[in-house]
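Fold and geometry: a report
Read off the chains here:
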Amino acid sequence: MAATPSHLISTSISIILLILSSLMEFLVLASANPTSPALLLHSLPAMVLPLYLSTPNSSSRTSSNPRRLLQRSESLNRPNARMRLYDDLLRNGYYTTRLWIGTPPQRFALIVDTGSTVTYVPCASCEMCGRHQDPKFDPEESSTYKAVKCNIDCTCDSDKVNCIYERQYAEMSTSSGVLGEDLVSFGNQSELAPQRAVFGCENLETGDLYSQHADGIMGLGRGDLSVVDQLVDKGVISDSFSLCYGGMDIGGGSMVLGGFTTPSDMVFIHSNPVRSPYYNLDLKEIHIAGKRLSLNPSVFDGKHGTVLDSGTTYAYLPEAAFLAFKDGIMKELSSLKQIRGPDPNYNDICFSTDESEVSHPSDTFPTVDMVFGSGKKLTLSPENYLFRHSKVRGAYCLGFFQNGKDPTTLLGGIVVRNTLVTYDRENSKIGFWKTNCSELWERLHQSVSPPAMPPASGDKNSTPGVTPTLAPTGAPPYVLPGELQIGKITFDMSLNISYSDLKPHITELAEFIAQELEVNTSQLRVPNLNGLFQVYMLKFAANGNDSLISWAVFPADSTESISNTTAAVIVARLAEHRLQFPVMFGSYELLGWRVEPKEKRSWWQRSYVVVLSILGILVIALSVVGLLFLLRHRQRTVNPYKPVNAAVPEQELQPL
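These numbers were taken from a predicted model, which means no experiment stands behind them.

**Some words on the overall build of the chain**
In terms of helices and strands, the chain carries twelve helices and 33 strands. Taking all 656 residues of the chain together, 45% fall into the buried category. Taking the contacts inside the chain whose residues are at least 6 apart along the sequence as the reference set, 69% of them involve residues at least 24 apart. For the chain, the accessible area works out to roughly 35,500 Å², and carbon and sulfur atoms hold 56% of it.

See the structure below:
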């Protein structure tokens, strides 16, 4: 039905009044506070969104983003993408996840970065890109790739043909390239089906981006090009994601794109999306060993405020806050010897402890509490503000630094090690829950069976009639079922390095495997467990660009078995991803582990060595007797018996 002129006039007047009302509100805010965020919006990147008329009976808009409000009721019913994190925060400086782009899929190791808003990988045509973990993305090899053509919503190249992106980071590294759209997959543990998404195809990278082992960046920040924003806008996930970084010396972890049922005791802190383009927190106080630092809360509110950034390794405080923090820590540790840091180029603050306390730094170092505007606090254990000295056993260094002259407080990944962090963007809050992030992944995927190893022809390492014993469902991955007489431990791992590249270094890898298990390749001893074992490689196969390897651990003495305690220690090191390899081997994924009971042997299998030994002795004895008989017979033949008076040839006497 056509609209009447009076209806059109009424609608137009309503729109004009709405615009005038918004303008008046803006002027009032500006006059009241000249530094209001409303006046600073011109410095942020523009975000072009379509406008829709609301229905008359729509809910009241209590959220600053009504577009997100519509998804609240069904947020937990939507699928999520559960993805593993790799690498180690301090050894690599970052954590990576795996993303597959194109048809057929091309795999990439991408740094998870909440401070970036674009996802990009090196393009096959890039001549100014470094050598990274995986081959470059080749658009020509993907049947689903489409270039993003120049339009009013993007920055165009000089020829006005394609959309481009450019990014520069605080350490002065840069990335630039063209924008493309293709099918993105999140791995076989993900409930989320592959989705089309826009990403960057690099034509140039400099600085750390050029030299890093990882392929590129997975942007999790707020922005049109963010993977999270694109999936939310499609309506396939709720407006939330979570990260869980592994603890000290462990590495690995988990990531979830989308929502899930969070723990009831998770601590949520407000995060104001208008305050800055980053994920910020309203930090007010820092306590060391229960004592509040004498600081004005405004010290944490400079520039971007307090920002949580997964792509930053350490924590950085404004000058006044850092000096107070350093003095507070040193006061609590006045009894410890202060030593030089591992890198002479930096003035690290390090402390030497008794070696007996190496595995329990919480017994020596104080807890640190961060108190926020809501009065809620985040407690940091020593692993959340310290890192191990790489050259001195039993020494730790401070992982908090001064942020130059920048008044921003930057909380990097070290602050949230072994902490599940949920970025609930829909409700403008961030949740924290202390947990073992290495175990969290196994709990999330306990129902997923590990992929089978390719069959190896002529494999003689399997024991007929022995059924492998898997870890019980619902239990931590290294809890062994019952008190078994264990005869063998086997485990399968996947390394993100090609078969041809790994094959010449397989012996070297075996040495690193043994070293990381704290054992020897031939006869290996697990410390303090009084057991001798042997390690063998059972299978070695290719799986696309990856390598699959099976290993086995046996008792050196075939009459012995592996105790449950010893087996649990070995399996724990595997399940908790404590194995750290040189960069040349990339990172590994534990596909599964098994313990096999000691085989019950027959009388002959138990005694055949003794029987064969007795038979061997008898054979040797008979051989010796026979040899003596032959020698004696030969002597009689050479020197026949002569009568006493028989004539014999005269022999010449030898001179004296």
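**Comments concerning the sheet that holds strand β25 (residues 400-402)**
Strands sit in the order β14-β17-β26-β18-β25 across an open sheet of five strands; the sheet is mixed. Bordering the open sheet on either side are β14 (280-281) and β25, each of which pairs with just one other strand. Here helix α7 (residues 319-332) sits on the sheet and contacts β18 (315-317) and β25; the angle it forms with β25, its principal contact strand, is near 135 degrees.

**Considerations on the environment of Q106**
In this fold, Q106 is placed in strand β3 (residues 106-113). Judged by its relative accessible area of 15%, Q106 is buried. Measuring from C-alpha to C-alpha, the distance between Q106 and F137 comes to 6.8 Å, with 31 residues separating the pair along the chain. For Q106, the side chain forms a polar contact with the main-chain nitrogen of D138, separated by 3.0 Å.

**Here's the deal with the sheet that holds strand β22 (residues 377-380)**
Strand pairing within a sheet occurs via backbone hydrogen bonds; the two strands may be parallel or antiparallel. Strand order in the open sheet made by the four strands is β16-β15-β21-β22, with antiparallel pairing throughout. The open sheet has two edge strands, β16 (291-292) and β22, and neither has a second partner. Sheet strands in contact with α7 are β15 (283-288), β16 and β21 (368-372), and its direction is about 20 degrees off that of β15.

**Some points on the pattern of salt bridges**
For side chains of opposite charge, pairing can occur when their charged atoms come near one another. On inspection of all chains with the given rule, the structure shows twelve salt bridges. In this structure, the salt-bridge partner of D282 is K284, at a minimum N-O distance of 3.5 Å. The partly exposed category is assigned to K284, whose relative accessible area is 32%. One salt bridge connects K377 with D369, and the closest N-O pair in it is separated by 3.8 Å. Residue K377 is classed as partly exposed on the basis of its relative accessible area, which comes to 45%. On the basis of relative accessibility, which here comes to 10%, the residue D369 falls in the buried class. A single network of salt bridges, built from pairs that share partners, joins D229, D239 and R425.

**Thoughts on the state of the cysteines**
One pass over the structure, following the stated rule, counts six disulfides. Two residues share a disulfide in this structure: C126 and C129, whose sulfurs sit 2.0 Å from each other. Disulfide C126 to C129: torsion about the S-S bond roughly 95 degrees, handedness right-handed. Taking relative accessible area as the criterion, C126 reaches 4% and is therefore assigned buried. Two residues, C154 and C163, share a disulfide whose sulfurs are 2.0 Å apart. Because the sign of the S-S torsion sets the handedness, a value of about -75 degrees for the bond joining C154 and C163 places this disulfide among the left-handed ones.

**Some points on the packing of aromatic side chains**
Scanning all chains against the criterion turns up 16 aromatic pairs. Seen from their ring centres, Y95 and Y245 are 4.3 Å apart, and the 35 degrees between their planes marks the pair as tilted. Of the two residues, Y95 sits in the loop between α4 (89-92) and β2 (96-101) while Y245 sits in strand β11 (residues 240-245), which places them 150 residues apart along the sequence. Taken together, F108, F137, Y145 and F199 form an aromatic cluster joined through their ring pairs.

**Re the UniProt feature "active site" (unreviewed entry) in the chain**
UniProt's feature table lists "active site" (unreviewed entry) at D113 and D309, given in the numbering used throughout. Spanning 197 residues, the annotated positions come together in the fold, the maximum distance between their C-alpha atoms being 7.0 Å. Relative to the assigned elements, D113 resides in strand β3. Judged by its relative accessible area of 8%, D113 falls in the buried class. Once residues lying within four places of it in the same chain are set aside, the contact partners of D113 are Y169, I217, M218, G219, L220, G221, D309, S310 and G311.

**Side note on the confidence of the model for the chain**
On average, residues of the chain score 75 in pLDDT, and 70% of them are at 70 or above. Counting interchain partners and residues more than four positions distant, the pLDDT-below-50 stretch residues 444-477 has 49 contacts. Within the model, the stretch residues 519-531 combines pLDDT values under 50 with 34 contacts to residues more than four positions away or in other chains.

**Section: a nonpolar patch on the surface**
Where nonpolar side chains cluster on the molecular surface, the patch consists of V610, L612, I614, L615 and L618 and spans about 460 Å² of accessible area. Within the secondary structure, L618 is located in helix α12 (residues 603-638).

**Comments concerning helix α6 (residues 227-234)**
Across the eight residues of α6, six count as buried, placing the element largely inside the fold. Within α6 the residues assigned to the buried category are V227, V228, D229, Q230, L231 and V232. Between the side-chain oxygen of the N-cap and the backbone nitrogen of V228 there are 3.3 Å, and the N-cap of α6 in question is S226. A positive phi of about 80 degrees marks G235, the residue just after α6.

**What to know about unusual backbone geometry**
Each neighbour pair has its own omega, and for T103 with P104 the value is 0 degrees, a cis peptide bond. Assignment of secondary structure puts P104 in the loop between β2 and β3. Despite not being glycine, K303 has its phi angle at roughly 50 degrees, a positive value. Mapped onto the fold, K303 is located in the loop between β16 and β17 (306-308). By relative accessible area, which is 51% here, K303 ends up exposed. The residue N418 is not glycine, and still its phi comes out positive at about 55 degrees. Following the sequence through the fold, N418 ends up in the loop between β26 (409-411) and β27 (419-424).

Procedures and definitions
Residues numbered from 1 in each chain as written. Predicted model: local features only at pLDDT ≥ 70, side-chain atom pairs only at ≥ 80, totals over all residues. Heavy atoms only, no water. Helix = DSSP H or I, 4+ residues; strand = E, 2+ residues; numbered from the N terminus. Buried < 20%, exposed > 50% of the residue type's maximum accessible area, 1.4 Å probe, protein only. Contact = heavy atoms within 4.5 Å. Areas by Shrake-Rupley, 256 points an atom, 1.4 Å probe, with all protein chains shown as cover. Pairing = 2+ DSSP bridges. Axes fitted to C-alpha atoms, helices over the stretch in contact; angles between N-to-C directions. Polar contact = N/O pair within 3.5 Å; in protein donor to acceptor, adjacent residues only side chain to side chain. Salt bridge = Lys/Arg side-chain N within 4 Å of Asp/Glu carboxyl O. Disulfide = S-S within 2.5 Å. Phe/Tyr/Trp six-rings, centres within 6.5 Å; stacked < 30°, edge-to-face > 60°. UniProt positions renumbered as here; feature names shortened; annotations may be inferred. pLDDT = per-residue confidence, 0-100. Patch = residues over 30% accessible without salt bridge, like charges linked within 9 Å, V, L, I, M, F, W, Y side chains within 5 Å.

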